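If you want the building blocks of each chain, they are given just below.
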Number of protein chains: 2
Amino acid sequence: MADHAQSAAPRLTLSADEAVIVRLIQMRGPLSRAQLAEASGYSRAKIAAIVGRLLDDAVLAEVVEGESSGGRRPRLLGFPAGGNYVVGVDIGATSLDLALADFAGQIVRRAAAPADVRDGPEPVLTQVKGLIREMLEATGIAAERVHSIGIGVPGPVEFSSGLLIAPPIMPGWEAYPIRSYMAQDFPAARVVVDNDVNIMALGELRGGDGPEDENFIFVKVGTGIGAGIVCQGQVYRGSTGCAGDIGHICADPDGPICHCGNVGCLEAMAAGPAIARLARQAVQEGRSPALAQLLEAHGTLTAELVGVAAAQGDAQAMQIIQQSGRLIGDVLAALVNFYNPNRIIIGGGVSNIGFHFLNAIRRAVLARSLPLSTRHLQIQYSTLKGDAGVIGAIALALEHMFVIEA
Amino acid sequence: MADHAQSAAPRLTLSADEAVIVRLIQMRGPLSRAQLAEASGYSRAKIAAIVGRLLDDAVLAEVVEGESSGGRRPRLLGFPAGGNYVVGVDIGATSLDLALADFAGQIVRRAAAPADVRDGPEPVLTQVKGLIREMLEATGIAAERVHSIGIGVPGPVEFSSGLLIAPPIMPGWEAYPIRSYMAQDFPAARVVVDNDVNIMALGELRGGDGPEDENFIFVKVGTGIGAGIVCQGQVYRGSTGCAGDIGHICADPDGPICHCGNVGCLEAMAAGPAIARLARQAVQEGRSPALAQLLEAHGTLTAELVGVAAAQGDAQAMQIIQQSGRLIGDVLAALVNFYNPNRIIIGGGVSNIGFHFLNAIRRAVLARSLPLSTRHLQIQYSTLKGDAGVIGAIALALEHMFVIEA
């Protein structure tokens, strides 16, 4: 790793023109000068000048991985291999998931640990710092080589300030200065904070193979329910940064009272805890021997265990899962009519529950959305599974690594 | 008008750089060279070169309307006064509303007539052509001076082709080639077709005073209910062009069957015809002398007449209007949680019904949306009233007047 550590530190302030070129390479991977000219609309001379400066300042490097088209391979422009890094941090309600990646987004090291966000920001962020330091030590990378840290948190974030606003499951985190606390140990790094579902959507956007200007909704179903929205190939955060807060949309006006004070919220009726509650009810009422057995074996019933029972053919478990899927699908049907996305991606803990869940969502959406909006609509589980968050956190770090001059 | 008619025809094909400058002037009105440099990020030299070419080719003109800041007035760049025009056409279910405007969007002549879209495309478009010709004759403008025609229609449009797709209230219009039919008589004009609610949203965007990157939802409540979505200062049409089709979102799972085959669609329960139906019921059941009187006087009951009865203090009329507003507000509450807009604008025929309606919508949205999303949310009637469509059609024509080179 010593050779990497000796490579030059890149200039991190870019002009607007330079940022266009860097962003293209971040989005599409290494590109030739001709490809950059075509994609940017800049002249060949302008590309040559910009690329020359970016090579001199160690922002870009020549990489040899172009496809040969008969003659010699084209020299492509990418990011310098090694030497400079970003960190992605996915803070879940009960776990931390981290990765160290180079400027091309290639992960060089991962780390994970249980953690409880209810312990408050300093214990959790101290643990995050420790895990980052462990990854750096294991790879022989100096802390000042970390140029950006992207952090996803399970609560509403004011993106411009990086502060949490009234997070329901994160006591003590409200308005806590995450950025400056992290910067104490990594002074060379820009720190960017976003909501967990937004970074999952970003992870799918960068890791997926949809068209560049696509519109999709990433739905996280776990302890709560939230959505990350991608509009024309960009994460859309709304006017005050709280777009995608679909967990408190009314799923049933005759439903139970939610902790938010309203009645029949989707989250209260269809998220993980609701699935577990219905399963416990089925056991108490003697309706499901399979669930009773799982409860005895594990001491508790989770949504995932209800999925196990359903996979074993338990009718009660199946029905509970289908009801959750139908409620989510009914709400998504309304959003499909409004937003006309090309994909809906279902992720989060409950998405490990099996295909009955996805099928129930699909059926409800198709039953209530207009044919024009569902003709090309795909509804699928996240292909990144549990990694959407940490991959999205790396993408967030990469997107905000450079300062663009006004 | 002879002097105007003699001014040069502008070049209508622009390079990407030129298009940036022209778009800035279209969006903000006349600007100085310094303002153009600042807004575009281009150098003063580049601005001078681009502006020089656009002046030579009659795309732009020097206009004298800058504010004097002590010394001489700055020379601003705007569009040539007169000589070149666009037409906006708002085709409603039962009416046509047209305007002839110059390149700065100033309306020079208007025309309107009753028309029934159910008569099919050729009779209606022939009438549109006749009204355009009348406007041109009245102003002494030659047909070849019309460079763009923007048309709004009350049905779903595939924006890229300008074709209607399965329009529910426009028999015979499906896939009818509106563009080429119009081009027969106005060969110099580009013809652009969009959904009526999208052009209303565009009218509000261009005619309103919101921030340039704002996110809003324009809701048209008339015979049907539809929404036009503005995302970051642009009309958002969705992945297959049918975003905003909120009329068939489920407002009540126990509601009546809609013509679309589903149950409890918002449109079936809260649009103009539903309001009129509930009013007739109230008369039949002897619950409202005020509505009975209006029915006798007018031979029919419309949503507008229900508004008249409510203004007179009739409790039944008030209740019908409030119920419609509440149902619309409940659906909008879900969309606010999802989309986090800064404004909701209510327009269409039913928006003339009085403030009880708007208040019921506001109450329902505030009751069911999250505090973070409603903190800065404005819910208001369209200030353009019946003109949103035709003003939006002009804006559509202006935005698509120029061909931008790839």
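Treat the numbers as computed from the prediction; the structure is a model and nothing was measured.

K.L.:
In this structure, what is going on with the overall build of chain A? I would like to understand it.
P.N.:
In terms of regular secondary structure, chain A is built from 15 helices and 16 strands. Scaling as 2.2 N^0.38, a compact globule of 406 residues should have a C-alpha radius of gyration of about 22 Å, and chain A matches this with 23 Å. Reported as C-alpha extents along the three principal axes, the dimensions of chain A are approximately 75 × 50 × 40 Å. By sequence separation, contacts in chain A at least 24 residues apart represent 62% of the contacts at least 6 residues apart.

K.L.:
Can you walk me through the sheet that holds strand S10 (residues 190–195) of chain B in this structure?
P.N.:
In sheet architecture, strand pairing relies on hydrogen bonds along the backbone and comes in two forms, parallel and antiparallel. All names here are of chain B. With mixed pairing, five strands are arranged side by side in an open sheet as S6-S5-S4-S7-S10. Both edges of this open sheet fall to strand S6 (107–114) and S10, since each of them pairs with a single strand only. Each strand axis lies, on average, 15° off the axis of its neighbour in the sheet, ignoring direction. Across the sheet, helix H5 (residues 121–139) lies against strand S4 (85–91), strand S5 (95–102), S6 and strand S7 (146–153), angled at about 35° from S5, the strand it touches most. Packed onto the sheet, helix H15 (residues 388–399) meets S4, S5, S6, S7 and S10 and runs at close to 135° relative to S4.

K.L.:
Any chance you could explain unusual backbone geometry here in plain terms?
P.N.:
Residues other than glycine predominantly adopt negative phi, and peptide bonds predominantly adopt the trans conformation. At Lys385 of chain A, a position not held by glycine, the phi torsion is positive, near 45°. By secondary structure assignment, the location of Lys385 of chain A is in the loop between strand S15 (378–381) and helix H15 (388–399). Despite not being glycine, Ala166 of chain B has its phi angle at roughly 45°, a positive value. Relative to the assigned elements, Ala166 of chain B resides in the loop between strand S9 (163–164) and helix H6 (178–183).

K.L.:
When you look at the packing of helix H9 (residues 272–284) of chain B against helix H12 (residues 315–339) of chain B in this model, what are you seeing that I'm missing?
P.N.:
Helix packing geometry: the angle between the two helix axes and the distance between the axes. All names here are of chain B. Two numbers describe how H9 lies on H12: the axes approach to 10 Å, and their chain directions differ by 150°. Accordingly, the angle class assigned to the pair H9 and H12 is roughly antiparallel. As for the relative orientation of H9 and H12, their crossing is right-handed in sense. Contacts between H9 and H12 pair Ile275, Leu278, Ala279 and Ala282 from the former with Gln316, Ile320, Gln323 and Ser324 from the latter. A breakdown of the residues in the contact of H9 with H12 according to their chemical character gives five nonpolar, three polar and no charged.

K.L.:
How do you make sense of the pairing of strand S4 (residues 85–91) of chain A when you look at a structure like this?
P.N.:
If a strand is regular, its side chains alternate between the two faces of the sheet. All names here are of chain A. In terms of burial, S4 is a largely internal element, seven of the seven residues being buried. Taking every second residue as pointing to the same face, both faces of S4 are buried, with Tyr85, Val87, Val89 and Ile91 on one and Val86, Gly88 and Asp90 on the other. In this structure, S4 lies alongside strand S5 (residues 95–102), joined through seven bridges in antiparallel fashion. Across the sheet, the residue bridging to Val89 is Leu98, located in S5.

K.L.:
Before we go on, may I ask you to explain the side chain of Asp97 of chain A in this structure?
P.N.:
Residue and element names in this part refer to chain A. Tracing the backbone through its elements, the reader meets Asp97 in strand S5. According to the relative accessible area criterion, Asp97 is buried, its value standing at 15%. At a separation of 3.2 Å, a polar atom in the side chain of Asp97 contacts the side chain of Arg110. Leave out the neighbours within four places in its chain, and Asp97 touches Gly88, Val89, Asp90, Arg110, Ala111, Ala112, Gly386, Asp387 and Val390.

K.L.:
Please explain the interface of chain B and chain A as it appears in this structure.
P.N.:
By a widespread convention, an interface's size corresponds to the accessible area lost as its parts come together. At the junction of the two partners, chain B supplies 40 residues and chain A supplies 40 residues. Counting the surface lost from both chain B and chain A, the interface buries some 3,400 Å², and carbon and sulfur atoms represent 61% of this. Among the residues of chain B in contact with chain A, Tyr236, Phe338 and Arg368 of chain B are the three that bury the most area, contributing 24% of the side total. At the boundary of chain B with chain A, the tally comes to zero salt bridges. Our count for the contact surface shared by chain B and chain A stands at 28 residue pairs in polar contact (both at pLDDT 80 or more). Among the elements that make up the side of chain B that touches chain A, the one with the highest residue count is H12 of chain B (five residues). Class assignment of the residues belonging to the side of chain B that touches chain A gives a composition of 21 nonpolar, 14 polar and five charged.

K.L.:
How should I be thinking about the packing of H12 of chain B against helix H13 (residues 355–368) of chain B in this particular structure?
P.N.:
Residues and elements named next belong to chain B. Where H12 meets H13, the axes come as close as 7 Å, and the angle between the chain directions of the two elements is 40°. Taken together, H12 and H13 sit at an angle that is classed as oblique. You can see that H12 and H13 cross each other, and the crossing is right-handed. Of the residues belonging to the contact of H12 with H13, the class tally is eleven nonpolar, six polar and four charged.

K.L.:
I tried to follow the relation of the copies chain B and chain A on my own but got confused; where do I start?
P.N.:
The operation relating the two chain copies consists of a rotation about an axis and a shift along that axis. Superposition of chain B onto chain A requires a rotation of 180° combined with a translation of 0.0 Å along the rotation axis, giving an RMSD of 0.1 Å. Both copies are brought into coincidence by an operation consistent with a two-fold rotation axis. Nearest to the rotation axis, the C-alpha of Leu335 of chain B is located 3.6 Å from it, this being the minimum over chain B. Comparing interface residues between copies, 100% of those in chain B also lie at the interface in chain A; the contact surface is shared.

K.L.:
Explain the nonpolar core to me, please; I cannot follow it from the model alone.
P.N.:
Grouped burial of nonpolar side chains is what soluble globular proteins tend to show. Core analysis: the biggest nonpolar cluster contains 102 residues, and Leu291, Ile346 and Phe357 of chain A together with Leu291, Ile346 and Phe357 of chain B have the highest contact counts within it. Beyond its immediate chain neighbours, meaning those up to four positions away, Ile346 of chain A contacts Val219, Val221, Leu332, Ser351, Phe357, Leu358, Ile361, Gln380, Tyr381 and Ser382 of chain A.

K.L.:
Please explain helix H2 (residues 16–28) of chain A as it appears in this structure.
P.N.:
The α-helix advances 3.6 residues per turn, and as a result positions three or four apart in sequence lie on the same side. Residues and elements named next belong to chain A. Taking 1.5 Å as the rise per residue, H2 with 13 residues should run 18 Å; its terminal C-alpha atoms sit 18 Å apart, in good agreement. Of the positions making up H2, those classed as buried are Glu18, Ala19, Ile21, Val22, Leu24, Ile25 and Gln26. Its buried side turned inward, H2 meets strand S1 (13–14), helix H3 (33–40), helix H4 (44–56), strand S3 (76–78), H15 and strand S16 (403–404). The positive-phi residue at the C-terminal boundary of H2 is Gly29, with phi of around 85°.

K.L.:
For this particular structure, what's the right way to read the packing of aromatic side chains?
P.N.:
The relation between two aromatic rings is expressed through the spacing of the ring centres and the mutual angle of the planes. For the coordinates displayed, the defined rule picks out 13 aromatic pairs over all chains. For the ring pair Tyr236 of chain A and Tyr339 of chain B, a centre distance of 4.8 Å and an interplane angle of 15° mean the geometry is stacked. Here Tyr236 of chain A, found in strand S13 (residues 234–236), pairs with Tyr339 of chain B, found in helix H12, and the two come from separate chains. As far as burial versus exposure is concerned, Tyr236 of chain A and Tyr339 of chain B are alike and both buried. When the ring of Phe338 of chain A is compared with that of Phe338 of chain B, the centres are 6.3 Å apart and the planes differ by 90°; the resulting orientation is edge-to-face.

K.L.:
Just to check I follow, could you spell out the pattern of salt bridges for this structure?
P.N.:
Where charged atoms from two side chains of opposite charge come close, those side chains can pair. Scanning the entire structure with this criterion turns up 34 salt bridges over all chains. A salt bridge links Arg110 of chain A to Asp97 of chain A; the shortest N-O distance between them is 3.2 Å. Of this pair, Arg110 of chain A sits in strand S6 (residues 107–114) while Asp97 of chain A sits in strand S5, placing them 13 residues apart in sequence. For Arg110 of chain A, a relative accessible area of 34% gives the class partly exposed. A salt bridge links Arg133 of chain B to Asp185 of chain B, with the nearest nitrogen and oxygen atoms 2.4 Å apart.

K.L.:
Help me understand the sheet that holds strand S15 (residues 378–381) of chain B in this model?
P.N.:
All names here are of chain B. Taken in spatial order, the five strands make up an open sheet running S13-S12-S11-S14-S15, and their pairing is mixed. Since the sheet does not close on itself, it has two edges, and those belong to strand S13 (234–236) and S15, each with one partner. Looking at each pair of strands side by side, their axes are set apart by 25° on average, direction ignored. Where strand S11 (residues 216–221) meets strand S12 (residues 225–231), six bridges bridge the pair, whose relative direction is antiparallel. Counted as the bridge partner of Val219 is Ala227 from S12. Packing of helix H7 (residues 196–207) onto the sheet brings it into contact with S11, S12, S13 and strand S14 (343–347), and relative to S11 it is tilted by some 130°.

K.L.:
Can you help me understand the pairing of strand S14 (residues 343–347) of chain A in this one?
P.N.:
Residues and elements named next belong to chain A. Where burial is concerned, most of S14 is hidden: five out of the five residues are buried. Alternating residues of S14 divide into Arg343, Ile345 and Gly347 and Ile344 and Ile346, and every residue in both groups is buried. Relative to S14, strand S11 (residues 216–221) is paired through five bridges, and the arrangement is parallel. Its bridge partner lying in S14, Lys220 is registered against Gly347. Two strands pair when backbone bridges link them, and S14 and S15 are joined in this way by four bridges, in the parallel orientation. Its bridge partner being in S15, Ile344 is matched across the sheet by Ile379.

What counts and how
Residues numbered from 1 in each chain as written. Chains lettered and ligands numbered in written order. Predicted model: local features only at pLDDT ≥ 70, side-chain atom pairs only at ≥ 80, totals over all residues. Heavy atoms only, no water. Helix = DSSP H or I, 4+ residues; strand = E, 2+ residues; numbered from the N terminus. Rg over C-alpha atoms; globule rule 2.2 N^0.38 Å. Contact = heavy atoms within 4.5 Å. Pairing = 2+ DSSP bridges. Axes fitted to C-alpha atoms, helices over the stretch in contact; angles between N-to-C directions. Parallel < 35°, antiparallel > 145°, perpendicular 65-115°, else oblique. Left-handed = near helix turned anticlockwise from the far one by under 90°. Nonpolar A, V, L, I, M, F, W, Y, C, P; charged D, E, K, R; others polar. Buried < 20%, exposed > 50% of the residue type's maximum accessible area, 1.4 Å probe, protein only. Polar contact = N/O pair within 3.5 Å; in protein donor to acceptor, adjacent residues only side chain to side chain. Buried area = accessible area lost by both parts, 1.4 Å probe. Salt bridge = Lys/Arg side-chain N within 4 Å of Asp/Glu carboxyl O. Least-squares fit on C-alpha atoms with pLDDT ≥ 70 in both. Core = buried A, V, L, I, M, F, W, Y, C linked by side-chain atoms within 4.5 Å. Expected span 1.5 Å × (residues − 1). Phe/Tyr/Trp six-rings, centres within 6.5 Å; stacked < 30°, edge-to-face > 60°.

Remember that the coordinates give geometry; whether it matters functionally is a separate question.
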